[in-house]
Structure formats: structure tokens, C-alpha cells
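Structural overview for review
Here are the chains, one letter per residue:
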Protein chains: 2
Amino acid sequence: MGSAARSTWLSGDHDLDIFIGVSEGSSLLPALEIARLVAPDFEERYAEHAYVHARFEGFELDLVPCYLVEDASRIISAVDRTPFHSRYVSARIKGIEGEVLLLKQFMKGIGVYGSELKVRGFSGYLAELLTIRYGSFLGVLEGAAQWRPGEVIDLAGHSSRDHEEPLVVVDPVDPGRNVAAALDLDRMFQFVIASRLFSKEPDLEFFFPKAIPPLSDKELLEEMAKRKSSIIVLEFAAPDQVEDVIFPQLRKAQQSVCSLLDRNGFSVLRSDADWHRPPPAEVRDGEISGSNFGSIRILIELETAVLPRVEKRFGPPAWEAEHANKFVSSHPEPLSGPYLEEGRLVIEVARKFVRARELLQSRVASLSLGRHLGPELRRGYKIYGGEEILEIGDLEFRAFMARYFSARCRI
Amino acid sequence: MGSAARSTWLSGDHDLDIFIGVSEGSSLLPALEIARLVAPDFEERYAEHAYVHARFEGFELDLVPCYLVEDASRIISAVDRTPFHSRYVSARIKGIEGEVLLLKQFMKGIGVYGSELKVRGFSGYLAELLTIRYGSFLGVLEGAAQWRPGEVIDLAGHSSRDHEEPLVVVDPVDPGRNVAAALDLDRMFQFVIASRLFSKEPDLEFFFPKAIPPLSDKELLEEMAKRKSSIIVLEFAAPDQVEDVIFPQLRKAQQSVCSLLDRNGFSVLRSDADWHRPPPAEVRDGEISGSNFGSIRILIELETAVLPRVEKRFGPPAWEAEHANKFVSSHPEPLSGPYLEEGRLVIEVARKFVRARELLQSRVASLSLGRHLGPELRRGYKIYGGEEILEIGDLEFRAFMARYFSARCRI
């Protein structure tokens, strides 16, 4: 199954998907037994049910037991759908496999390839369906240049329900399913803009972009001097979990931290987060001990890390007598006011947290940060502010900072 | 005419309005001649037409020529309406003159009495009509406690058109006119809130509030230290104009300055402005020469007077291809980006004005500041930032600052 079975795999990709089908109603266990016998170097993994991940002559093998159902709408587990996808694509891809490869590499180059939760981009199957729909790589690019949010592509012409996602590609083998369900709005339009630019001015760099080198101490300081903003990095140990578990929680945690700052008057310019895994053979020293699953780092760039002491609080309109009274009596010792602004009551009070760092120290542990990330943070974290981020020396972080400062998404 | 004619004048008020009526169609000039003969110490003033302002035995006399028209809707000049007002009120105010006085003094005490453009509050005639409508001082307060924006009071029950103002009191002698047209929304609700509070807990201080004493250097520094915000005062010479000309322009200028700062990323916490007249017999030295009409001072309190260099610019949604291209090509050398945020293009550039003072120095002269204020500012101005405002020592400014910091509008 998968791209290897239909000659649409990218070079450098050494993944093979081997499915072991059993008939509906039987047990998957014999199939799992067979999977364990394929290669001596293997481990068992779990998605909806158990499968085997093995290494064999330089290849990464997924050996997946599945049910051979009659109709894709009657699948028991998501993997049962894969044979239908393979069959649908194989029957229509002959002669345009090269177009699929171009499209996949283009997507990879501009950073939108992969439906895993880290990327939230285009899956391989989605790239294949788009190529079938538009006939060629350039055809897809021309088509995408016209996309708007809510775009619907329905190859089999039998969409069976409405979808909310920005791109809807009805699964030809399962009309209730959106193949592009995992695609993020911004990833979608990164692809749209890159399509427009490439059509106007083709360039090999879209496929193979130059790597952005990690920043030296000096370069990091220079970038910060150019911006004169306030950068804060919150660091804590990563839990023992896979990417698809960590990244959604990481986004949630990042969102919680940003909204805490925002609610307290700190204007967030931009933010990013990443999971920095330790190099395999090396032991990390230091600050965060007791974990070798790497570090979670949440970067927040603020307009300013220090606010004035005075804070303006807006109350209800003066004509809502009861609310107005409650508002005034709940601020017994204001710095200024109460006064009126366009009919609304305003009171100025002394702000509790003048420094972003103090706010984080006081509140970050009580935020909703995700099921696995929350406990890790509460076990210990570190805040780097301004030039303190120079203390984080690993190249992965410095490359992350380089990407952050450039923030150019091949568009 | 006026309050003196109907026993509703406040003590301390030494204004007398004397109207000299001529029949419709005749000339006003003989009436003006008579006015000039009343008192030797007089000057001629102009509203819609000439009148005489005279000083006589401690009184300020307005001697106003007017037409005696048959019907208030047929008036030629605004002053011709006054005799109708006087007649309407006199016929209905007997026995409740004391209630009118209480209401007027209450309004004066809480700072909402006077329809002149400096105050934008309640006129004497409006106070009289409210007393007639609600029967007594406490009746007005009870009624007002229920007011909402768009409140309509129509004594004669013959409103002839819709009004936009927050309070509409149909003029019983001229149904097309709103007696409360000059009343500002915030002044209206200052009165409403004070009415509620007084009804709950009567206090003589509503009528005769304690004066807020001017701030010493030490007190000024203490107040600023409590707030830790950035205060800027823009000062320039006042033109030779009366209050009703200066104050609307002052508000416009203040608005222009605040919106310039806001547009450039400086968050305005609050702002106030005032016209500080020089003490009559004293010659002012100094900074602003060539004028003895006092100083215009616009105070702006900012969250911060220094912004980060990096500035985030939001462009169109990525799917608007033409606008998107234009946006990207108009920012050829961004600090970061272009990137996408919820489908919109974003570019980060180097901000031109990092300091509020530099922005003001570069742009304030080209703002729209009012017909008379604009030229005065362009002749010269001074900016005081932070502790520099200590250089402004006059008591009027220090009292203004005391009111600014307290910002308590008797509510």
C-alpha cells in the first residue's frame, strides 16, 4: 500500500506500508503474528489497534493488520480504508506518477507536505487526488491559484455532507469523509501563494529551499537589536510521547500562555513553539533533569515586557444601574475615576503584574496546557527573557530562532 | 429675561439679561443705540448680531436687541426665542423656583451646568423645563435615574422631528428644536449617576464639592510614580478668541493628536486638554512669546512613549490575489515575513517613529487642529515629556493635573 506501491514515493523516503488483510469477522491476531515474523528488528506500536514497525535493509516497514471489507463506508478501523485508496489511485495514476512526485516535492519544499499534526499540511493521498483532479503538477498549481476558503473538490461527484474545513476534498471511496480535514487554513494558502509565484516565476528553490543556518550569539543579538521587542522563552521537559500527541498540546499550551499575557495587557507580537529533541547519543546536562525526551520551548515576542502600573478597566454603560453600581463598588480604591467614556464607566486601578515574567511565574502552572504537557511544566520550568535566551545554545534552538526571525514561508 | 427675571438665578451669579425688542420688519439699530446709553463702561459684542455687554454696579449686563415676533417658530435670530422661553417658564414656575435653584446648584456642583461649548452640560432653561416636567428637584433626580440614551421629554406633546442627541427635550415654544442639543452623552450620564447616588445618600458635597488643590512638585512626582505611565504635554499659545470658539477646536486638536499617536502604535490611556489663561495683571515670561491670551495645553497619557522597532503590518487575505501581490511588493525589505495569520498576509517592518516625542515633532504641525489653533501651533510649540512637566509651574496647570489624576466626576 502507500506511495511505494504506486510509484509515487519521494526519493529519500524509505517507508514501506505492508498491509495484512483478514476477512471481516475474523481476528486480527494471526495477522499480527505474521507481522512479527517479517524482520527481527521490530517494535509493536498502537494506533486504533496494534501494528508492527520494523527496520529491514535500510527500510522502515509498517506492517499493518487490517480487515478486508466490501465497501469503504463499512470499515472497522481507519487503516481498512487504505486498500480502497490504493485501488482508486492506482487505477487513475498511470502515466502521471511523475506529476505526483513533482507536486509532493514542491509541497515538501515550501513546508506544507504531511498531514501529521506537527505540519497540518497535505497528505500524500491528497496530493495524488489533486493530481488526478487537475491532470498535472502545473494544472494543480493553476487550479490552486484560484482557491478560496471553503473550496470543494468532489472527484466522484457524490459529496454526502457539509464540511467546515477550508479545503474540502471528498474522499471518492468514502463520500462522508474530507481527505483535507487535517489541512490548516494557513498551510493551504501558503500552497496557494507559492503556486501563484511559481507559475509566474518558476525556480528550483521551491522544491529544494536553502536551509536557514542556525544563528550565532552575535547574529541572535543583532536580530534582537533590529526588532527591539521583548522576547521570552518558556522551557520545560517534554513528556514521553509521540509527535501527534505532543504537537496539538503544544499549540494549546502556546495559545494559553499568549492569552494569559494578552488578558493582562501584554501585547503579543508573535509566538512560536517547538519540541527540541536531544541528539540521540548525547546526554543533556542541566537545568531540566529527569527527562531525556527533549525540551518544550514556547517563544513569545511582546511589544514590551514591562507595562505601566496604571490599568484602565472598562465597566458597563452608566444606564445599566445595577451593573454600574456593582462595578463601582468592586473597585473601592481606584487610582482614578470612576469617570465616563462614551457613556461607559471607567476606573483606573493599579495593575497587579507589571512584568510579563512575574505574571508567568505566578500563573503559568495553573493554565490549561494539555494532558501531558501540563504535568511536565508543573514539575519545573525555566523562563529566559531578552538576552538570557543566549544561554540556550543548542543548534536546533538557534535554527528555530533563525526561522522565527525570517518567518518567510516561501511565498 | 433670563433667570434673574424669574427668580431662578444662583447666588454669586451677577449676570442680567436685558432685551430691547423692536417690531418685526423694523431695524435693530435704534435698540442698539439705546443699549449703548445704559452704562458708560461697555463694549460691543457679536453673536448672530451686535449686542452690548456692560458693567454696572457690580453686575454684568447683556443688553440685547431682538425682534418681537408673533410665533417662536418665526424667529429671525436665536435671541428672539428668549422672550417666548421666559413667558413659558414664568407661567409655570411659580412656587417651585427654589426647586430650580437646587437643581442648578446640584448640576453646578457635579460639573454639568452650562450649555456653553466648554462644558456641554445642562442650560438654565433646560434645568427649568426639567423641574416643570418632574415637579421638584428630587423628582428630577428620580426621573433622571431611569434615563437611557435617546430619552425624549416632550412637555407640550408636539415633537415635530426626530433628533439624534442622547437627551431630547422638545422646546415647548419651538417644537422642531431640542433644548438639550448641546448636552454631551457623558455629561448627561454624570448627572444620571449623581442623581442615583444622591437619592441613595444625600450629601451637601454634591452641591458644594471640595476644591481639588493644585499639586506641588512632590505630589506631581508621586502621582506619576503611582501610574508609571508616560505623560506628554503639548503646549502652544492660545489665539485671541472666546471660549466658545476655542473649546471645540481644542477638542478637535486633542482628537487629532491622539489619533496620530494611536495610528502609529502608541496606545493612549487617557487624554485631556485645557486653555490656561494668564492671570490678568501679570506678564508671562518666556517660552511662548508674542501672545498674552494664555496657553493651550494638550495632555496625553501613553502606556509607553517608546515602542519596539519591529511593527506588524496586516495585509489582505491570501485569496485576494491582486491585493496580496500589491501588499507584498510594497514591502520589499521586511524584517520578517511575509507569512500568514488566519489566512491574512502579515509582514513585519522597521517602525519609523519609535519615540512618541519624535513622532509629534515630525507630524504635529501637519495635523488638522482647528482654524485658529492650527496657525498658533505652527508658530511654535513645546513638548514636555515625563518629569519635564514639572517645569510647568502655574497653579492652574497644577490644579488641572490634580483633576486629571483624580478623574472623579462626582459619581
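Nothing here was measured: the structure is a model prediction, and the numbers come from that model. (Residues numbered from 1 in each chain as written. Chains lettered and ligands numbered in written order. Predicted model: local features only at pLDDT ≥ 70, side-chain atom pairs only at ≥ 80, totals over all residues.)

Further remarks concern the overall build of chain A. Looking only at helices and strands, chain A has 13 helices and 14 strands in total. Dimensions along the principal axes, computed over C-alpha positions, put chain A at roughly 75 × 55 × 50 Å. Each of the 411 residues in chain A was classed as buried or not, and the buried ones make up 36%. In chain A, the share of contacts with a sequence separation of at least 24, taken over all contacts with a separation of at least 6, comes to 64%. (Helix = DSSP H or I, 4+ residues; strand = E, 2+ residues; numbered from the N terminus. Buried ≥ 20, exposed ≤ 12 C-beta atoms within 10 Å, placed from the backbone. Contact = placed C-beta atoms within 7 Å.)

All right, on to the relation of the copies chain B and chain A then. Superposition of the two copies of the chain requires a rotation about an axis together with a shift along that axis. The two copies are related by a screw motion: chain B maps onto chain A through a turn of 180° and a shift of 0.0 Å along the axis, at an RMSD of 0.1 Å. What we have between these two chains is a two-fold relation. When each C-alpha of chain B is compared by its distance to the rotation axis, Thr 304 of chain B comes out closest, at 4.4 Å. The share of interface residues of chain B whose copies in chain A are also at the interface is 100%, consistent with both copies meeting through the same surface. (Least-squares fit on C-alpha atoms with pLDDT ≥ 70 in both.)

Here we take up helix 3 (residues 82-93) of chain A. Quick reminder: α-helices carry 3.6 residues per turn. Residues three or four places apart thus point the same way. Residue and element names in this part refer to chain A. Between the first and last C-alpha of helix 3 there are 16 Å, a value that for 12 residues agrees with the 16 Å anticipated at 1.5 Å per step. Contact partners of the buried residues in helix 3: helix 1 (2-5), strand 1 (15-23), strand 4 (59-68) and helix 5 (124-134). Directly after helix 3, the chain includes Gly 95, whose backbone phi takes a positive value near 90°. (Expected span 1.5 Å × (residues − 1).)

Turning to unusual backbone geometry, a few remarks are in order. Between Gly 337 of chain A and Pro 338 of chain A the backbone carries a cis peptide bond, its omega angle lying at 5°. Mapped onto the elements of the fold, Pro 338 of chain A is located in strand 12 (residues 336-341). Unlike most non-glycine residues, Arg 120 of chain A shows phi in positive territory, near 55°. Residue Arg 120 of chain A is classed as partly exposed on the basis of its 19 C-beta neighbours within 10 Å. Unusually for a residue other than glycine, Lys 228 of chain B sits at a positive phi of about 50°. Along the chain, Lys 228 of chain B falls in the loop between helix 8 (217-227) and strand 8 (230-237). Judged by C-beta crowding, with 16 C-beta atoms within 10 Å, Lys 228 of chain B ranks as partly exposed.

Let us now look at the packing of helix 4 (residues 97-109) of chain B against helix 5 (residues 124-134) of chain B. When two helices pack together, their arrangement is given by the angle between the helix axes and the distance between those axes. Residue and element names in this part refer to chain B. The geometry of helix 4 relative to helix 5 is characterised by a closest axis approach of 9 Å and an angle of 130° between their N-to-C directions. Judged on the interaxial angle alone, helix 5 and helix 4 are oblique. Note that helix 4 runs across helix 5; the crossing there is right-handed. Residues Glu 99, Val 100, Leu 103, Lys 104 and Met 107 of helix 4 form the contact with helix 5, whose participating residues are Gly 124, Ala 127, Glu 128, Leu 130 and Thr 131. Residue composition of the contact of helix 4 with helix 5, by class: five nonpolar, two polar and three charged. (Axes fitted to C-alpha atoms, helices over the stretch in contact; angles between N-to-C directions. Parallel < 35°, antiparallel > 145°, perpendicular 65-115°, else oblique. Left-handed = near helix turned anticlockwise from the far one by under 90°. Nonpolar A, V, L, I, M, F, W, Y, C, P; charged D, E, K, R; others polar.)

Tallying the contact residues gives 41 residues for chain B and 41 residues for chain A. When residues of the side of chain B that touches chain A are traced back to their parent elements, those giving at least two are helix 7 (185-200), helix 8, strand 11 (310-317), helix 10 (321-329), strand 12 (336-341) and helix 13 (395-406) of chain B. Here the side of chain B that touches chain A takes seven residues from helix 7 of chain B, the largest share from any one element.

Turning to the sheet that holds strand 2 (residues 42-46) of chain A, a few remarks are in order. Residue and element names in this part refer to chain A. Strand order across the open sheet formed by four strands is 1-4-3-2, with mixed pairing between neighbours. Each edge of the open sheet carries a strand with a single partner, namely strand 1 and strand 2. Neighbouring strand axes in the sheet, compared pairwise and without regard to direction, differ in orientation by 25° on average. Pairing of strand 3 (residues 50-56) with strand 4, which is carried by five bridges, proceeds in the antiparallel orientation. Paired with His 53 across the two strands is Asp 62, which belongs to strand 4. (Pairing = 2+ DSSP bridges.)

Our next topic: the sheet that holds strand 6 (residues 167-171) of chain B. Residue and element names in this part refer to chain B. Taken together, three strands build an open sheet; the order of strands is 5-6-7 and the sheet is mixed. Each of the sheet's edge strands pairs with one partner strand only, and the pair in question is strand 5 (151-153) and strand 7 (174-178). If you compare each strand with its neighbour and ignore which way they point, the axes differ by 25° on average. Pairing between strand 6 and strand 7: two bridges, direction antiparallel. Within strand 7, the residue paired with Asp 171 across the bridge is Asp 174.

Residue and element names in this part refer to chain B. With 13 residues, helix 4 should reach 18 Å at 1.5 Å per residue; the first-to-last C-alpha distance of 18 Å fits that figure. Burial in helix 4 covers these residues: Glu 99, Val 100, Leu 103, Lys 104, Phe 106, Met 107 and Lys 108. The elements touched by buried residues of helix 4 are helix 3 (82-93), helix 5, helix 6 (137-144) and helix 7.

In this section: the UniProt feature "domain: Polymerase nucleotidyl transferase" (unreviewed entry) in chain A. When the UniProt feature table is mapped to this numbering, "domain: Polymerase nucleotidyl transferase" (unreviewed entry) covers residues 2-85 of chain A. Secondary structure within residues 2-85 of chain A divides into 21% helix and 37% strand; the distance between the first and last C-alpha atoms comes to 9 Å. (UniProt positions renumbered as here; feature names shortened; annotations may be inferred.)

All names here are of chain A. Along the chain, the position of Trp 147 falls in the loop between helix 6 (137-144) and strand 5 (151-153). Of the residues examined, Trp 147 has 18 C-beta atoms within 10 Å and is grouped as partly exposed. In sequence terms Trp 147 and Arg 161 are 14 residues apart; their C-alpha atoms lie 20 Å from each other.

Okay, the UniProt feature "binding site: CTP" (unreviewed entry) in chain A next. Residue and element names in this part refer to chain A. When the UniProt feature table is mapped onto this chain numbering, "binding site: CTP" (unreviewed entry) sits at Ser 3, Arg 6, His 85, Lys 104 and Tyr 113. Turning to its location among the elements, Arg 6 is positioned in the loop between helix 1 and strand 1. Each residue touching Arg 6, except ones within four places of it in the same chain, is listed here: Ser 86, Val 89, Ser 90 and Ile 93. Within the element layout of this structure, Lys 104 appears in helix 4 (residues 97-109). Ignoring sequence-local partners within four residues, the contact set of Lys 104 consists of Leu 10, Tyr 113, Gly 124 and Ala 127.

Another point: the pairing of strand 10 (residues 295-302) of chain B. All names here are of chain B. Burial analysis of strand 10 places eight of its eight residues in the buried class, the great majority of the element. Because side chains alternate across strand 10, one face comprises the buried residues Ser 295, Arg 297, Leu 299 and Glu 301, and the other comprises Ile 296, Ile 298, Ile 300 and Leu 302, equally buried. Of the pairings in the sheet, the one linking strand 8 to strand 10 comprises eight bridges and is antiparallel in character. Bridge pairing links Ile 231 to Glu 301 in strand 10.

What follows covers the domain arrangement of chain A. Where the parts come together, the accessible area they lose is often given as the size of the interface. Taken domain by domain, chain A holds domain 1 (1-94), domain 2 (96-210), domain 3 (217-306 + 354-406) and domain 4 (310-350). The C-alpha centroid of domain 3 of chain A is placed 37 Å from the C-alpha centroid of domain 1 of chain A. (Domains from an automatic or database assignment.)

This next bit is on the environment of Phe 266 of chain B. Residues and elements named next belong to chain B. Its place among the elements puts Phe 266 in the loop between helix 9 (243-263) and strand 9 (268-276). For Phe 266, a count of 23 C-beta atoms within 10 Å corresponds to the buried category. Measuring from C-alpha to C-alpha, the distance between Phe 266 and Leu 359 comes to 10.0 Å, with 93 residues separating the pair along the chain. Those residues in contact with Phe 266 that sit more than four places away from it in its chain are Leu 261, Leu 302, Leu 307 and Ala 356.

Turning next to the environment of Ala 50 of chain A. Residue and element names in this part refer to chain A. In this fold, Ala 50 is placed in strand 3. Remark: the alpha-carbon pair of Ala 50 and Glu 142, spanning 92 residues in sequence, is separated by 41 Å. Beyond its immediate stretch of four places on either side in the chain, Ala 50 contacts Leu 32 and Glu 44.

Residues and elements named next belong to chain A. Along strand 2, only zero of the five residues are buried, which leaves the element largely exposed. As paired strands, strand 2 and strand 3 are joined by five bridges and run antiparallel to one another. When the bridges of strand 3 are listed, Arg 45 appears paired with Tyr 51. In this antiparallel pair of consecutive strands, strand 2 and strand 3, the connection spans three residues.

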